[in-house]
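# Overview (structure and organization)
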Amino acid sequence: MKALSDQDLLARVLAKTCEYLDHPAVVGHEASFLDHIARDFDAIGAKTHRPDHLCVIELGRPGPVFLAHADRHGAVIDGAGQAVYAVHAFVTDARKQAKLDPEALDELAIRLSGAEVFAYDPQCGGRIAYGEITGVDVDTTRRALLRTAGLPDLPTGTPIALARTLKRGQSGFITGQLDNAAPLAALRVAAELGLGGTIVVTSQEESGHSAEHMLAWAEAGGLKPNTQLVVCDTSPFDDGAAALAGAVVLRRRDATSSFNADQVSKLETAAGSAGAPIIFKDSFIERENDARTRRGEAPKSMGDTELGQVTARSKGRYTGATLQLPTFASPEKRDSTTPRALTAFIRTLLAL
Ligand SMILES: [Zn+2]
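Owing to the predicted nature of the structure, the values given are computational and were not obtained by experimental measurement.

### Details of the overall build of the chain
If you tally the helices and strands in the chain, you get eleven helices and 17 strands. Taking 352 residues into account, the globule formula puts the C-alpha radius of gyration at 20 Å, and the chain, at 19 Å, falls close to it. Once the C-alpha set of the chain is aligned to its principal axes, its extents read approximately 55 × 50 × 45 Å. Out of the 352 residues belonging to the chain, those deemed buried represent 45%.

This is the structure we're talking about:
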């Protein structure tokens, strides 16, 4: 494996994140991005194939099975010509209605207002029209509707992506649509530097369907039962402390499942040899909840992860551990992290 400085590693991961962000992948409309990922890994000699909703990448060297996600937030044009926030466009069952409380709506409005967007052809990813988000409304079924300027009337089902805005701020923070592009970019760069194993890129993670797609493929013979999965993702925090510490985020469990203790400790060892401090998100939330209880506040949820769903749905036949990049919201409510956290993430991958 080539030895690269932290600066070189970071530059590569940021460049790859930018490239990925330029290929739209709105939840439910990721096909052309999955095709792009397949070509991008073919180019470094990996063997790829494209089962429904997935891109499976064999790196040609021994190693674990990684899971990463393709999808990003955005909108989709509905039958009435409105731009519905994409994860809410999935909600057809009244019992599963998206619960958008006023606080979440405010955050969404701050995050999205003023953002540049473009409509694209879901088959090839080609851009067909450009516009800007001017505000966010909520309809009677509590779906978020984006008000836009500049977009023409578009056919039902047209996806609307957020334009790339990845930047390094003066404070050194990296801000942009990091979820889910940054972990995937880190895996691609690690693959160039000798990472082994298989990478399964899933779609529709944000709408909670990715575990279903992954297991449908695995159980149809795509992957034998496996308890050593490594699910790569971002992990949001209320403040920048975890990212500033250059930490990697692990979990022993989430709200639905306990993970594989052996695989968790393998990741702990890898993080240790990469020199990265570790934050266990489950213990972190427990401590936070103790403090909240003392203050008479409602506890936070332990959180739902794709691995939790994979573990629960497969009754433990498919499980493993998670490796997450800590993020926090910038004042404009955009995803942010630090160079140290991003470098720690990729160094941990490489030490596995
Ligand atoms: Zn994610």
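### Observations concerning the pairing of strand 16 (residues 318–329)
Within strand 16, eleven of the twelve residues are buried, which leaves it mostly tucked inside the rest of the structure. As defined by bridge partners, strand 16 adjoins strand 17 (residues 335–337) across two bridges and the pair is classed as antiparallel. Following the sheet pairing, Phe328 is matched in strand 17 by Ser336. Between strand 16 and strand 17, which follow one another and run antiparallel, lie five residues, and Lys333 among them has a positive phi close to 65°.

### Regarding the domain arrangement of the chain
Here the chain is partitioned into domain 1 (6–72 + 167–351) and domain 2 (74–162). Taking only C-alpha atoms into account, the centre of domain 1 sits 25 Å from that of domain 2. Taken together, the 16 residues of domain 1 in the interface contact 18 residues of domain 2. Within the side of domain 1 that touches domain 2, the residues separate by chemical class into five nonpolar, six polar and five charged.

### Things to note about the environment of Ile77
Residue position: Ile77 is located in strand 4 (residues 74–77). In this structure, the C-alpha to C-alpha distance between Ile77 and Ala119, residues 42 residues apart in sequence, is 9.4 Å. Discounting residues that sit within four places of it in the chain, Ile77 has contacts with Ala83, Leu154, Pro155, Thr156, Gly157 and Thr158.

### Quick notes on the packing of helix 1 (residues 6–21) against helix 11 (residues 339–351)
Close contact between helix 1 and helix 11 brings their axes to 10 Å; oriented N to C, the two are set at 90°. With respect to helix 11, the element helix 1 is oriented roughly perpendicular. Contact with helix 1, carried on its side by Asp6, Leu9, Leu10 and Val13, involves Pro339, Leu342, Thr343 and Ile346 of helix 11 and no other residues of that element. Across the contact of helix 1 with helix 11, the residue classes break down as six nonpolar, one polar and one charged.

### Observations regarding helix 6 (residues 210–222)
For helix 6, spanning 13 residues, the distance from its first C-alpha to its last is only 15 Å, which falls clearly below the expected 18 Å at 1.5 Å a residue. Where helix 6 is concerned, the buried positions are Ser210, Ala211, Met214 and Ala218. Taken around the axis of helix 6, the buried residues stretch over an arc of 95°, which confines them to a single face. Exposed and oriented more than 90 degrees from the buried face of helix 6 are Ala220 and Gly221.

### Topic: the sheet that holds strand 5 (residues 83–85)
What the six strands build is a closed barrel, ordered 4-5-8-7-6-9; its pairing is antiparallel. Put simply, the sheet's adjacent strands are angled 40° from each other on average, direction ignored. The pairing of strand 6 (residues 116–120) with strand 9 (residues 159–162) spans three bridges and is antiparallel. Following the sheet pairing, Ala119 is matched in strand 9 by Ile160.

### Some details on the pairing of strand 4
For a regular strand, side-chain orientation follows a simple rule: the groups alternate between the two sheet faces. Here strand 4 shows a buried face lined by Gly74 and Val76 and a second buried face lined by Ala75 and Ile77. Bridging between strand 4 and strand 5 involves three bridges; their strand directions are antiparallel. Each residue of the ladder has a partner; that of Val76, found in strand 5, is Val84. In this antiparallel pair of consecutive strands, strand 4 and strand 5, the connection spans five residues, and Gly81 shows a positive phi of 80°.

### Let's talk about the packing of helix 6 against helix 10 (residues 306–313)
When two helices pack together, their arrangement is given by the angle between their axes and by how far apart the axes lie. Relative to each other, helix 6 and helix 10 sit at 45°, their axes nearing to 9 Å. As summarised for this structure, helix 6 and helix 10 are arranged oblique, according to the angle between their axes. You can see that helix 6 and helix 10 cross each other, and the crossing is right-handed. Contacts between helix 6 and helix 10 pair Ser210, Ala211, Met214 and Leu215 from the former with Glu306, Gln309, Val310 and Arg313 from the latter.

### Considering the nonpolar core
Formed by 92 residues in total, the largest nonpolar core has its most connected members in Ala186, Leu187 and Val201. Looking at which element gives the most residues to this core, the answer is helix 5 (residues 178–192), with ten residues. There are two domains that each give this core at least three residues, and those are domain 1 (6–72 + 167–351) and domain 2 (74–162). Those residues within four positions of Val201 in sequence are excluded, and the remaining contacts are Leu34, Ile37, Leu54, Cys55, Ala68, His69, Ala70 and Leu184.

### Examining unusual backbone geometry
For the bond from Asp179 to Asn180, the omega torsion is 10°, close enough to zero to count as cis. Locating Asn180 in the fold gives a position in helix 5. One non-glycine residue with positive phi stands out, namely Lys315, at about 55°. Topologically, Lys315 is positioned in the loop between helix 10 and strand 16.

### Some thoughts on the environment of Phe173
Along the polypeptide, Phe173 turns up in the loop between strand 10 (167–168) and strand 11 (174–175). Here Phe173 falls in the partly exposed class, since 19 other C-beta atoms lie within 10 Å of it. Considering only alpha carbons, one finds Phe173 and Ser330, 157 residues apart in sequence, at a separation of 8.9 Å. Non-local contacts of Phe173, meaning those with residues more than four positions away in its chain, are made with Ser330, Ser336 and Thr338.

What counts and what doesn't
Residues numbered from 1 in each chain as written. Predicted model: local features only at pLDDT ≥ 70, side-chain atom pairs only at ≥ 80, totals over all residues. Helix = DSSP H or I, 4+ residues; strand = E, 2+ residues; numbered from the N terminus. Rg over C-alpha atoms; globule rule 2.2 N^0.38 Å. Buried ≥ 20, exposed ≤ 12 C-beta atoms within 10 Å, placed from the backbone. Pairing = 2+ DSSP bridges. Domains from an automatic or database assignment. Contact = placed C-beta atoms within 7 Å. Nonpolar A, V, L, I, M, F, W, Y, C, P; charged D, E, K, R; others polar. Axes fitted to C-alpha atoms, helices over the stretch in contact; angles between N-to-C directions. Parallel < 35°, antiparallel > 145°, perpendicular 65-115°, else oblique. Expected span 1.5 Å × (residues − 1). Arc of directions from axis to C-beta. Left-handed = near helix turned anticlockwise from the far one by under 90°. Core = buried A, V, L, I, M, F, W, Y, C linked by C-beta atoms within 7 Å.

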